[in-house]
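Observations on the three-dimensional arrangement
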Amino acid sequence: MSAATLNAMKLVTAAEMRLLEKRALESGTSFGDLMHNAGRAVASEICGLFDSFPGKKALVLVGPGNNGGDGLVAARFLNDAGAITHVYLLAPRDPGDLVYNEALEAGISPIEVESDAGFSKLRELLGEADVVVDAIFGTGLGRPIGGASAAALTLVAEARNQRPDMVVIALDLPSGLNADSGEIDDSTLAVDYTITLGYAKRGFFLFPGADYTGQILVADIGIPDGLDDDILSEVIDEHDVLSILPLRPSDAHKGSFGKVMVVAGSTEFIGAASLVCQSAARAGAGLVTLAARQSLHPVFAAKLVETTHLPLPETAHGEFASEAAEVALARLVKYDAAAIGPGLGQSPDTVEFVHQLLSGISENTGLVLDADALNALSLTPDWWDIFNHPAVLTPHTGEFARLSGLSIGEILANRMEICRKNAALWGKVVILKGAHTVVASPDGRIAVSPSANPGLASGGTGDVLTGIITGLLAQGLDEFDAARAGVYIHAMAGESVRNNIGDTGMIASDLLIQIPRAVKSIKEHDHASCH
Ligand SMILES: NC(=O)C1=CN([C@@H]2O[C@H](COP(=O)(O)OP(=O)(O)OC[C@H]3O[C@@H](n4cnc5c(N)ncnc54)[C@H](OP(=O)(O)O)[C@@H]3O)[C@@H](O)[C@H]2O)[C@@H](O)CC1
Ligand SMILES: Nc1ncnc2c1ncn2[C@@H]1O[C@H](COP(=O)(O)OP(=O)(O)O)[C@@H](O)[C@H]1O
Ligand SMILES: [K+]
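Residues numbered from 1 in each chain as written. Chains lettered and ligands numbered in written order. Predicted model: local features only at pLDDT ≥ 70, side-chain atom pairs only at ≥ 80, totals over all residues.

1. Describing the UniProt feature "binding site: K(+)" (unreviewed entry) in the protein chain
Using the residue numbers shown here, the UniProt feature "binding site: K(+)" (unreviewed entry) corresponds to Asn67, Asp134 and Ser175. Despite a sequence span of 109 residues, these residues sit close together in the fold, their greatest C-alpha distance being 9.3 Å. Mapped onto the elements, Asn67 comes out in helix α3 (residues 66–80). If we skip the residues at most four places from it in the chain, Asn67 touches Ala135, Ile136, Phe137, Gly138, Gly140, Leu171 and Asp172. By secondary structure assignment, the location of Asp134 is in strand β5 (residues 131–135). Judged by local crowding, Asp134 falls into the buried class, with 29 C-beta atoms found within 10 Å. What Asp134 contacts, discounting residues up to four positions off in sequence, is Leu61, Val168, Ile169, Ala170, Leu171, Pro174, Ser175, Leu189 and Val191. (UniProt positions renumbered as here; feature names shortened; annotations may be inferred. Helix = DSSP H or I, 4+ residues; strand = E, 2+ residues; numbered from the N terminus. Contact = placed C-beta atoms within 7 Å. Buried ≥ 20, exposed ≤ 12 C-beta atoms within 10 Å, placed from the backbone.)

Rendered as structure tokens:
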């Protein structure tokens, strides 16, 4: 999905959605109103997808519960809008069902599920439909989809393969997609659009579900304002990022934008340090200094022209000397933010160096810990009890597994919730990297990247993220703001490269010049939207 298509979105679990619905009912909205609003809003979104809607052929697949009820209301409004509308009932509706009877009164004659195993009528309708709405199951799915519903969904998928112009829409969510975990059923359709009710669901940003939603549109179903203040999860949005980006006064000097120290790099991982330094500068930091072992200095000095250098003492064996941390700490007091870890390696001397740095660093220094700094932390049981400095941690799944003691499978199965819980336990802002990166604050807030971009899955792109966030911390942002703005800018930089060269062969260095361009674009969009 293109990240730019998403607007500000809170994310809910199925339980949170039920709670919001309950609050809406308690505040005087009836369930009938909500369902009516839902069906009408879905129909209105569907009409908006076509240049001219009257005369289009719409097929609504209706299931047994309230998702099917919404489908019946939507069918009525599609009919009113001039579509030739068919409703296909996958399960009988109660004869007293209000929305069913309203559909009948509107002249729609629902087609009962066929006893013919060949589903000849359904095939015929699918052969002609311009738009198919999956209103079979929503958040109430309780077990695997089977029988006629599974068969119908398979037929839609087949028809779609034969007629790519047919638009397939999921009402609330693609049937079978788990709103909380992103798990899917064998029958779940990969749709073109998901028109979701009230709030986007967490599962839309978790895999495999994230590959099935198509473009997500949020339909307003009339849940009154002010009921969702305790919903703390959202997709990171351009307007939020704009509101937290540091100001750039015209009379600024380099001291205005903060100083970053990067403690990174080793003989084996030279490039990591370069990428962090360059991205911190590209994110707007006033000055970047690289602290690396002194024998590496000539290489870095040739490569990093704008960066200043703090060569650190080393042993005859090319390891950090015992006084290296003290040298770095003495200089660090003059810095606003530090990135520690990328490419440092994991030798015992390096681990000791990292531990000394972390135990001596001032509370006033903004801190991003990545890669080998995280690996070094993981070696200490209950490390979070000892290391209580505020920091942004940027683990990928493997590093998160080491930090938490959880298995990679456990983390992947529940990325948002696990990231949220551990951020609270560790007292850190935690970025769980990957497609739809999750940012969690110790206070329970979660911000999810709108972007999934396989182009970013190459060595060094994480170092760029670390640099951007440290650059933002140095400019005065707090940890959570720097983390979510950094994740967004990094994602936008990745989207720009993907737009330019595709998702194959992107390298981390390609992102660097795109960082200021992403910031510029965020600022200009706001300017454009004001006029
Ligand atoms: N939240 C809101 O504010 C609003 C929410 N709204 C809508 O409500 C939707 C949730 O509705 P819901 O709770 O009725 O659940 P839904 O997804 O229709 O399915 C439940 C039905 O399916 C059945 N069933 C379950 N699994 C099955 C299976 N594998 N195979 C076969 N049957 C299965 C289950 O039967 P049972 O398990 O009892 O046998 C029951 O009959 C939500 O997604 C949204 O569209 C709006 O209307 C208004 C405002
Ligand atoms: N499929 C993907 N979609 C979006 N972002 C991704 C994807 N794969 C990787 N990334 C991003 O690329 C970066 C990779 O970081 P990391 O795994 O630490 O690699 P490295 O250490 O080589 O830089 C992270 O910011 C991660 O979120
Ligand atoms: K559905």
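Here the narrative resumes, following the displayed structure.
2. Focus on the sheet that holds strand β17 (residues 429–432)
A sheet is described by the order of its strands in space; here 12 strands give the open sequence β8-β1-β10-β19-β18-β17-β16-β15-β14-β11-β12-β13, paired in mixed fashion. Bordering the open sheet on either side are β8 (200–201) and β13 (308–312), each of which pairs with just one other strand. Taken together, the four bridges between strand β14 (residues 337–340) and strand β15 (residues 366–369) define a ladder with parallel strand orientation. Looking at β15, one finds that Ile340 is bridged to Leu369. (Pairing = 2+ DSSP bridges.)

3. A look at the confidence of the model for the protein chain
Scored by pLDDT, the protein chain comes out at a mean of 95, with 97% of its residues at no less than 70. Predicted confidence for residues 1–7 stays below pLDDT 50, and this span has 13 contacts to residues more than four positions away or in other chains. Complex prediction metrics read pTM 0.95 and ipTM 0.95. (pLDDT = per-residue confidence, 0-100.)

4. Points about the site of ligand 1
For ligand 1, the set of nearby residues contains 26 residues, the closest of which are Glu21, Gly65, Asn66, Gly138 and Gly140. Breaking the shell around ligand 1 down by element, the ones donating at least two residues are α1 (14–26), α2 (31–48) and α3. Ranked by residues supplied to the shell around ligand 1, first place goes to α3 with five residues. Of the residues that constitute the shell around ligand 1, the class distribution is 11 nonpolar, 11 polar and four charged. (Near = placed C-beta within 6 Å. Nonpolar A, V, L, I, M, F, W, Y, C, P; charged D, E, K, R; others polar.)

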